[in-house]
Amino acid sequence: MKTIVEARNVHKTYGARGNLFTALQDIDLTVMEGEFVGIMGPSGSGKSTLLNLLSTIDRPTSGEIEVDGVSILNMDEARMSAFRRDRLGFIFQDFNLLDTLTVKENIVLPLALARTNLGELERRAHEISERFGIRGILDKYPYQISGGQKQRTAASRAIVAKPSLVLADEPTGALDSKSATDLLECLQELNVRERATILMVTHDPFAASYCSRVLFIKDGSVFTEVGRGETARPLFFKKIMDVLSVLGGGASGVG
Amino acid sequence: MTSWDLAKKNMRGNARNYSIYFVSMLVSVVIYYTFVSLQYSKGIEAGMSSSQNLRTVFLGSSIVLALFAAVFIGYSNAFFTRNRKKEIGLYALLGVRRKTIGRMLLFENLILSALVLAAGIGLGTLLSKLFGMILVRLLGMDAPTAVGFGISLEAAGGTIAVFALIVLATSLHSYRLIYKFPLIELFRAEKMGEPAPRVSAWAALAAVLLIAAGYASALRPIHTTEQFALNMGIALVCILLGTWLLFRAAVPALLAAWRRNKSGFYRGTAMIGVSQLLFRVRGHVRTFSMIALLSGITLGIFSIVYIQYYFAERSTAESRPFSYEHASVDPAFDKSVHSVIDTDAAHPVVARLSIPVVELDASLTNLQEIPIHYYSYAEPGKTVSVLSASAYNEASEALGRRERVRLSAGEAAAIRPMLDDQTYAEYKGKSLELRIAGEKKPLPFVALLEGRVLSWRFPDLFVVVDDGTFYELAQAAKPTIFEVYRVQGQEKAQATADRLSALAAGRDDVRLNMYYSEYKRTQEESGLFLFIVGFLGLVFLAATGSMIYFKQMTEAHADIGRYEVLRKLGVSRRELRRTIAWQTLFVFALPLAVGTAHGYVIMRVFTAGLVGMNFTIPILLSMGAYIVVYFVYYAACVYSNDRILNPA
């Protein structure tokens, strides 16, 4: 099985001398192909920072990071952009759809940027929109659809180019519970059926319960890790809640 | 802390934002002051022969300039204030009374304006010397007349007055702004554009047709003044409407068509660029239309004036072929003239002739009936001038030309009127008919002569007949003898020209015409207009360039989020820079292109009669200036946008 993410001794500090703030401290992380990994932690724990590092949006202060076998540390800007485009997919909390493009155009944007053959592009668009149940709104603009539909569009966009790794930053943050459930079911199906590797940052234990494994980060380092194994999801949810109560005392980010 | 203190603190903090506004106001002040101080400059006034003309023209232009400045500053101020809506909202939220905010803004404006006026007048003083020298050059004044280096009090006073008014108006406007918007609106983002504006193919087509029709109407050959007015009226309406429709319907339609073409749209950054443009295009319609129309007019006028200036010498040579010409009515006068000209050692006489001309009333000919359009002017009461062939040939030789006319008995030749584009083909088969002493004498036209030999008068009707016919004619109608002289260096013969003018003062009967005075007048007039139109044109260019630039900057700020998403999706910086450059090019080039087309048509209309002149240089110069200035704005815009949207 392929290793998709390999992070070793990753540090990230901000600020100038005398005013240093350590966001991440000696993080080690390995994600294999086909895993659905969740990263949880209170606000300010560094989970979003970690995601930014893994998605090449930011650079670590020290440490090594390899994504899909490629070291992303010393890449120049052009290569990094290409890498992001071809190998990574993103889902953000605030959807980040382009409001000047239709749903369909938003979805195929990565393919268009990579100058994919038109027939192939259309095929993928149909296939994915069918998968996520948004076939009917392909010609609508973002301002015309609901939050749940927007996030599913974003998810479609994230996987349309068949990336090696999907990175999701609080994808259910702005959704109501039904839309959140829909989205998570879609992601889970992706993970199970297509062996998509998904790394999700969240503070919502319900969302985390869909993962196969959850890391807990506190104050820049990994606190603990729980795996789902064969447990049913509701039980896994309870396990996560237990960890959170140990973590926070008055666990922040719950509910 | 008083409003005054708050204002000062604010300004220091807001320095970057203020600098744009400051610079645009400064430029307006400098230009206005420079222009006005030229008007009051003693040196220039003294050098001009017709100072009344100078005064009036300058006054009119300074009014136009003031209007420009008002519009431009108003626009910059609106842009600037809009950017501060959030800041104002914040103050209100913190509990600062609107009255206090208003006072603070007013103080800011006052401080700014005072600074701008001081700096502007200072800079303007320096620049007016430079522009003064350019103007002197254009007017063809010999000695570098001292334009006067010093602050012109009247100019300064005028400038301060005008800009005080403008500042007052803008201050009132921003004051009102505070009261107009409810608090929540100050925090709300700007109105969104439409991602999918409705496009109508019919409207797009109509736009193109209207403009084409307008062009066709303007370029139609005209025969009467009424026709001209009608044609131009139609052209104006068609072009105005067509231009507006072009930007409102045709451009969006084109973009929408591109978008529908999947293979062209789903390709690289085309998706980003085209959708962005389509999104924004509705907001640009008014600005684009205005720029296209006004730049068209400016370009057209500038080209025309420049052509006039460029060909001053040529056109004078056509309208005053000889250096001096007068009718011989009084032997004593003739003698004085002769001696004045002879004693001018600096400009020796090269040729001297007496040309007898029979000036016939047009009713004694059939010219009005000849279906060549210029001859519709041959109404009863107007004069047709008839020359003999040998007199014509003599004159032609004296003028150093090779053209000669050869007429057998009973033949006639016409001399092409100035600024007309007749050809001999129109004359073939037609005859001149002289109706003298009850006889009708038809003289077939065998040639059309290009060289005019006598001064222009209206209507410019000259015909040449063979010597025999002329002799007969001279018996029936007494010819006028024109004494003509050709001297060396006629463009510089000022002293002699002045003396002759003095001699001929009050004597209309001698009909004195001189090359020098006409040349000087044309040069002054066209030089002056060239300067003014060029100056205003440049100002206008700068103003519209700035307007597009500001608009682009505002839109860029609103687009930051979108471009961040694109960066995250993996669009490289180079690709983003390319799409930014392409989109900006679209915004700058489009109105300019349309304006250039309009300008070209306008130029062609008004220079239709100027046959045989090569316009390449004037056209290239005027359009070149436009393109250069706009390119500078374009480059600055791309750079700024790139910095905002594509940060490292």
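Here is what the cut-offs are and how they apply
- Residues numbered from 1 in each chain as written.
- Chains lettered and ligands numbered in written order.
- Predicted model: local features only at pLDDT ≥ 70, side-chain atom pairs only at ≥ 80, totals over all residues.
- Helix = DSSP H or I, 4+ residues; strand = E, 2+ residues; numbered from the N terminus.
- Rg over C-alpha atoms; globule rule 2.2 N^0.38 Å.
- Buried ≥ 20, exposed ≤ 12 C-beta atoms within 10 Å, placed from the backbone.
- Contact = placed C-beta atoms within 7 Å.
- Axes fitted to C-alpha atoms, helices over the stretch in contact; angles between N-to-C directions.
- Parallel < 35°, antiparallel > 145°, perpendicular 65-115°, else oblique.
- Left-handed = near helix turned anticlockwise from the far one by under 90°.
- Nonpolar A, V, L, I, M, F, W, Y, C, P; charged D, E, K, R; others polar.
- Pairing = 2+ DSSP bridges.
- Core = buried A, V, L, I, M, F, W, Y, C linked by C-beta atoms within 7 Å.
- Domains from an automatic or database assignment.
- pLDDT = per-residue confidence, 0-100.

**Quick notes on the overall build of chain A**
- A tally of regular secondary structure across chain A gives eight helices and ten strands.
- Relative to the 2.2 N^0.38 estimate, which gives 18 Å for 255 residues, the radius of gyration of chain A is 18 Å and therefore close to what a compact globule would have.
- With the C-alpha coordinates aligned to their principal axes, the bounding extent of chain A is approximately 50 × 45 × 35 Å.
- Taking all 255 residues of chain A together, 47% fall into the buried category.
- Nonlocal contacts in chain A, meaning residues at least 24 apart in sequence, comprise 70% of its contacts between residues at least 6 apart.

**Some remarks on the overall build of chain B**
- Along chain B, the regular secondary structure elements total 21 helices and nine strands.
- A compact globule built from 648 residues should have a C-alpha radius of gyration of about 26 Å, whereas chain B, at 32 Å, is more than 25% larger.
- Based on the C-alpha atoms only, the size of chain B along its principal axes is roughly 100 × 60 × 40 Å.
- The buried share among the 648 residues of chain B stands at 40%.
- Residue pairs at least 24 apart in sequence account for 84% of intrachain contacts in chain B once pairs closer than 6 positions are excluded.

**Considering the packing of helix 6 (residues 98–138) of chain B against helix 7 (residues 153–180) of chain B**
Residue and element names in this part refer to chain B.
- Between helix 6 and helix 7, the least distance of the axes is 10 Å, while the angle of their chain directions is 155°. By the angle between their directions, the pair helix 6 and helix 7 is classed as roughly antiparallel. The chirality of how helix 6 crosses helix 7 is right-handed. Contacts between helix 6 and helix 7 involve Arg98, Ile101, Gly102, Leu105, Leu106, Asn109, Ser113, Leu117 and Ile121 from the former and Ala156, Thr159, Ile160, Phe163, Val167, Thr170, Ser171, Ser174, Tyr175, Ile178 and Tyr179 from the latter.
- By residue class, the composition of the contact of helix 6 with helix 7 is twelve nonpolar, seven polar and one charged.

**Thoughts on the sheet that holds strand 4 (residues 62–67) of chain A**
Residues and elements named next belong to chain A.
- The strand order across the open sheet built from four strands is 2-1-4-5, with neighbouring strands paired in antiparallel fashion. Of all strands in the sheet, those with a lone pairing partner are strand 2 (21–32) and strand 5 (70–71), marking the two edges.
- Note: strand 1 (residues 3–14) against strand 4, five bridges, orientation antiparallel. Following the sheet pairing, Arg8 is matched in strand 4 by Glu64.
- Sitting on the sheet, helix 1 (residues 47–54) touches strand 1, strand 2 and strand 4, and the angle it makes with strand 1 is about 120°.

**Things to note about the pairing of strand 7 (residues 165–169) of chain A**
Residues and elements named next belong to chain A.
- In terms of residue burial, strand 7 counts as a mostly covered element, since five of its five residues are buried.
- Residues Leu165, Leu167 and Asp169 of strand 7 are buried on one face, and the alternating residues Val166 and Ala168, pointing to the opposite face, are buried as well.
- As defined by bridge partners, strand 6 (residues 88–91) adjoins strand 7 across four bridges and the pair is classed as parallel. From the neighbouring strand, Leu88 faces strand 7, where its bridge partner is Leu165.
- Direction of pairing for strand 7 relative to strand 8 (residues 198–201): parallel, over a ladder of four bridges. Along strand 8, the bridge assignment pairs Val166 with Ile198.

**Considering the environment of A:Leu247**
- By the secondary structure assignment, A:Leu247 is in helix 8 (residues 233–248).
- Ignoring any residue separated from it by four or fewer positions in sequence, one finds A:Leu247 in contact with A:Phe216, A:Lys218 and A:Phe223.

**Observations regarding helix 1 of chain A**
All names here are of chain A.
- Here helix 1 lies mainly inside the structure; six of its eight residues are buried.
- Along helix 1, the residues that are buried comprise Lys47, Thr49, Leu50, Leu51, Leu53 and Leu54.
- Just downstream of helix 1, Thr56 is the residue with a positive phi angle, here 65°.

**Some thoughts on the nonpolar core**
- Among the nonpolar cores identified, the biggest contains 223 residues, and A:Leu54, B:Tyr32, B:Val463 and B:Val464 are the most heavily contacted of them.
- With residues up to four places along the chain from it excluded, the contact list for B:Val464 reads B:Leu387, B:Ala389, B:Tyr392, B:Val405, B:Ala412, B:Ala413, B:Ile415 and B:Leu449.

**A word on the interface of chain B and chain A**
- Between chain B and chain A, the contact holds 20 residues from the first and 23 residues from the second.
- Residue classes in the side of chain B that touches chain A are distributed as eight nonpolar, six polar and six charged.

**Observations concerning the environment of B:Ile272**
All names here are of chain B.
- Among the secondary structure elements, Ile272 is positioned in helix 12 (residues 270–310).
- Assessed through the 25 C-beta atoms surrounding it within 10 Å, Ile272 is described here as buried.
- Spatially, the C-alpha atoms of Ile272 and Phe247 are 21 Å apart, while their sequence positions differ by 25 residues.

**Considerations on the packing of helix 19 (residues 515–569) of chain B against helix 21 (residues 616–645) of chain B**
Residues and elements named next belong to chain B.
- One way to put it is that helix 19 packs onto helix 21 with a least axis distance of 9 Å and a crossing angle of 20°. With respect to each other, helix 19 and helix 21 are oriented roughly parallel. In the packing of helix 19 onto helix 21, the handedness of the crossing is right-handed. Across the interface between the two elements, Leu541, Ala542, Gly545, Ile548, Tyr549, Gln552, Met553, Ala556, His557, Asp559, Ile560 and Tyr563 of helix 19 pack against Tyr626, Val629, Tyr630, Tyr633, Ala636, Cys637, Ser640, Asn641, Ile644 and Leu645 of helix 21.
- Of the residues contributing to the contact of helix 19 with helix 21, the split by class is 16 nonpolar, five polar and one charged.

**Brief notes about the sheet that holds strand 3 (residues 383–388) of chain B**
Residues and elements named next belong to chain B.
- Taken in spatial order, the nine strands make up an open sheet running 5-6-4-7-3-2-8-1-9, and their pairing is mixed. Among the strands making up the open sheet, the edge pair consists of strand 5 (431–436) and strand 9 (513–514).
- By the bridge criterion, two bridges tie strand 1 (residues 324–327) to strand 9 in an arrangement that is antiparallel. Paired with Tyr324 across the bridge in strand 9 is Met514.

**A closer look at the domain arrangement of chain B**
All names here are of chain B.
- Its domain assignment divides chain B into domain 1 (1–188), domain 2 (194–318 + 519–648) and domain 3 (319–518).
- Taking only C-alpha atoms into account, the centre of domain 2 sits 47 Å from that of domain 3.
- Counting residues at the interface gives twelve residues for domain 2, matched by 15 residues for domain 3.
- Broken down by secondary-structure element, the contributors of at least two residues to the side of domain 2 that touches domain 3 are helix 13 (312–319) and helix 19.
- Residue classes in the side of domain 2 that touches domain 3 are distributed as four nonpolar, five polar and three charged.

**A short note on unusual backbone geometry**
- The amide bond that connects B:Phe458 to the next residue, B:Pro459, takes the cis arrangement and shows omega of -5°.
- Note that B:Pro459 resides in the loop between strand 6 (439–449) and strand 7 (462–465).
- Of note, the phi angle at A:Asn96 is positive, near 55°, even though the residue is not glycine.
- Looking at the element boundaries, A:Asn96 is found in the loop between strand 6 and helix 3 (103–113).
- Residue A:Asn96 is classed as buried on the basis of its 20 C-beta neighbours within 10 Å.

**Here we look at the environment of B:Ala409**
Residues and elements named next belong to chain B.
- With respect to the secondary-structure elements, Ala409 resides in the loop between helix 15 (389–398) and strand 4 (412–415).
- What makes Ala409 exposed here is the crowd of 10 C-beta atoms within 10 Å.
- Put simply, Ala409 and Val465 are 56 residues apart on the chain and 8.4 Å apart in space, counted from C-alpha to C-alpha.
- Apart from the residues lying within four places of it in its own chain, the contact partners of Ala409 are Asp466 and Gly468.

**Details of the pairing of strand 6 of chain B**
All names here are of chain B.
- Two strands pair when backbone bridges link them, and strand 4 and strand 6 are joined in this way by four bridges, in the parallel orientation. Each bridged residue has a counterpart across the sheet, and for Ala414 the counterpart in strand 6 is Leu448.
- One ladder, built from six bridges, connects strand 5 with strand 6; its direction is antiparallel. The residue bridging Glu433 from the neighbouring strand is Pro442, located in strand 6.
- Adjacent in sequence and paired antiparallel, strand 5 and strand 6 are bridged by two residues, among which Ala437 carries a positive phi angle near 45°.

**Observations concerning the confidence of the model for chain B**
- Residues with a pLDDT of 70 or more make up 91% of chain B, whose mean pLDDT is 83.
- Model confidence for the complex: the whole-complex pTM is 0.74, and ipTM, which rates the interface, is 0.83.

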